[in-house]
Amino acid sequence: MNNHHEYKRKSGIVIAAIFTVVSLIVLLLPGKTLSASDLHTDYPSQSIGETSIKKVTIRSKTSFIVTIKKVKDASGYYVYDISEDGNLTKLTTIKDNFNNSFVVKGLEYGHTYHLVVQAYKKDKKTGAIIKGTYDDNGFTKKLKIKTKYKKGLKFYYDADGKVIKDVEHFLPKKTQYMLKVNTLKCVMTIYAKDGRKGYTIPVKSFLCSPSDHTASGTFRLGTKYRYRTLFYNSYSQWTAVIHGNILFHTTPYKSYGNNNSLDVKEYNKLGTAASHGCVRLQCVAVKWIYDNCPGGTKVVIYRRKKAGPFGKPKLQKLPKWHKWDPTDPTAKNKCRKHGCSHSIR
Ligand SMILES: [Zn+2]
């Protein structure tokens, strides 16, 4: 009995000694200290980079549009408001890594936000979430607007005094609109009616392609079409008649009803006179007319050296293979598949 006890005690000491030596070897091996990957070979250690906020614009009295620097390999982003004492309040989770800008809704008007964005990555096998580091100063933006009249037009400004170039979401749902096309600068501006003051609110502007001989004048919007043949082998999605055979339409497609047959060369001419008399626009702009402007909506076509109240928007030209309009809401999955970051809202 005694012998047996002694044997057990001795073997215990030997095992403890072996364990200590092995542990020491593992700890002392250069670059081979115990890490997560040694302990769980199934879960390789991963990290994810830091993102940063490039721009925040006010979208409505309860929402921002946040533009960030994307992080490669991220599965999505967390958006927080950081308080003075460093507490994070989650505002939303963006569950993809598609656009470099997104809308953050449900905010409080008048509040000053210190926005923080953190990239995260979801491990496909384990579902574990790896979070990136973040800038704990945040991006400060006050959700407050001011309006001011300038030459009879009502402009919206953010708390930093910067003019807001898309004010649609500040206007009531049943707003009446007017469309003004400057055929010299190739810019269309949408105006909203402000009661008895008339169409005094510039809402937003889009690039267009008219022709140099598109007639100036005041017209009333006619019939609208979802798809339409323009010429032989030339088709449009979303079309609205301005007068006679002069139309608002998308840049031409090579086959009817096919959103994957865009004439890329013609699309890339947006912002220059390129049509046979019609007013070509991006899908987002013609669809906006199609959805928001009933027949009879006032259309003013004019020529002036000043592009319009918001200036001239910039065109992001497309590569040859991009055979769909990046602003076409029916084709946004194509951009997603190709990993191009054309933003659609
Ligand atoms: Zn794209």
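What you see is a predicted model, and the numbers here were worked out from it, not measured in a lab. (Residues numbered from 1 in each chain as written. Predicted model: local features only at pLDDT ≥ 70, side-chain atom pairs only at ≥ 80, totals over all residues.)

Draft legend 1. Summary view of the overall build of the protein chain. Of the regular secondary structure elements, the protein chain holds five helices and 19 strands. Here the protein chain, with 345 residues, has 28% of them falling under the buried criterion. (Helix = DSSP H or I, 4+ residues; strand = E, 2+ residues; numbered from the N terminus. Buried ≥ 20, exposed ≤ 12 C-beta atoms within 10 Å, placed from the backbone.)

Draft legend 2. Here's a closer look at the nonpolar core. Counting residues in each nonpolar core, the largest one holds 43 residues, and the members touching the most others are Leu 179, Met 188 and Cys 208. Those elements that provide at least two residues to this core are β11 (177–182), β12 (187–192), β13 (201–209), β16 (234–243), β17 (246–250), β18 (279–281), α4 (283–292) and β19 (298–302). Once residues within four sequence positions are removed from consideration, Met 188 is found in contact with Leu 179, Lys 180, Val 181, Ser 205, Phe 206, Cys 208, Val 279, Leu 281 and Ala 285. With 21 residues, the next largest nonpolar core counts Ile 68, Ile 82, Tyr 134 and Leu 143 among its residues. (Core = buried A, V, L, I, M, F, W, Y, C linked by C-beta atoms within 7 Å. Contact = placed C-beta atoms within 7 Å.)

Draft legend 3. View of the sheet that holds strand β1 (residues 53–60). Pairing is antiparallel across the open sheet formed by three strands, whose spatial order is β1-β2-β5. Single-partner strands in this sheet number two, and they are β1 and β5 (101–104). Averaged over all pairs of adjacent strands, the angle between strand axes in this sheet comes to 25°, irrespective of strand direction. Relative to β5, strand β2 (residues 63–68) runs antiparallel, the two being bridged by four bridges. When the bridges of β5 are listed, Val 66 appears paired with Phe 102. (Pairing = 2+ DSSP bridges. Axes fitted to C-alpha atoms, helices over the stretch in contact; angles between N-to-C directions.)

Draft legend 4. Quick look at the environment of Gly 198. Among the structural elements, Gly 198 can be located in the loop between β12 and β13. With 21 residues separating them along the chain, Gly 198 and Tyr 177 place their C-alpha atoms 9.8 Å apart.

Draft legend 5. Local environment of the sheet that holds β13. In space, the nine strands of this open sheet follow the order β14-β19-β11-β12-β13-β18-β17-β16-β15, with mixed pairing throughout. The two strands at the open ends of the sheet, each matched to only one other strand, are β14 (217–220) and β15 (224–231). Taking each pair of neighbouring strands and ignoring which way they run, the sheet shows an average axis angle of 35°. In this sheet, β16 lies alongside β15 in antiparallel orientation, the contact comprising six bridges. Within the sheet, the bridge partner assigned to Phe 231 lies in β16 and is Ser 234.

Draft legend 6. Quick peek at the environment of Ser 211. As for its placement among the helices and strands, Ser 211 is situated in the loop between β13 and β14. C-alpha of Ser 211 to C-alpha of Cys 278: the two residues are 67 residues apart in sequence and 7.0 Å apart in space. Not counting chain neighbours up to four residues away, the residues in contact with Ser 211 comprise Ala 273, Ser 275, His 276 and Gly 277.

Draft legend 7. A look at the pairing of strand β6 (residues 112–122). Summarising the sheet, strand β3 (residues 76–82) and β6 pair through six bridges and their orientation is antiparallel. When the bridges of β6 are listed, Val 79 appears paired with Val 117. As paired strands, β6 and strand β8 (residues 139–142) are joined by four bridges and run antiparallel to one another. Residue pairing across strands places His 114 opposite Thr 140, the latter belonging to β8. Across three bridges, the pairing between β6 and strand β7 (residues 129–131) is antiparallel. Within β7, the residue paired with Lys 122 across the bridge is Ile 129. What sits between the antiparallel neighbours β6 and β7 is a turn of six residues, in which Gly 127 has the positive phi angle 80°.

Draft legend 8. Examining the pairing of β3 more closely. Strand direction decides the pairing type here: β3 and strand β4 (residues 88–94), joined by six bridges, are antiparallel. Paired with Tyr 78 across the bridge in β4 is Thr 93. Where β3 hands over to β4, the hairpin turn is made up of five residues, of which Gly 86 adopts a positive phi near 85°.

Draft legend 9. Seen up close, unusual backbone geometry. In the Ramachandran plot, Asp 73 falls in the positive-phi region, its phi being about 75° despite a non-glycine side chain. Along the polypeptide, Asp 73 turns up in the loop between β2 and β3. The residue Lys 151 is not glycine, and still its phi comes out positive at about 50°. Its location among the elements puts Lys 151 in the loop between β9 (145–150) and β10 (153–158). Owing to 7 C-beta atoms within 10 Å, Lys 151 belongs among the exposed residues under this scheme.

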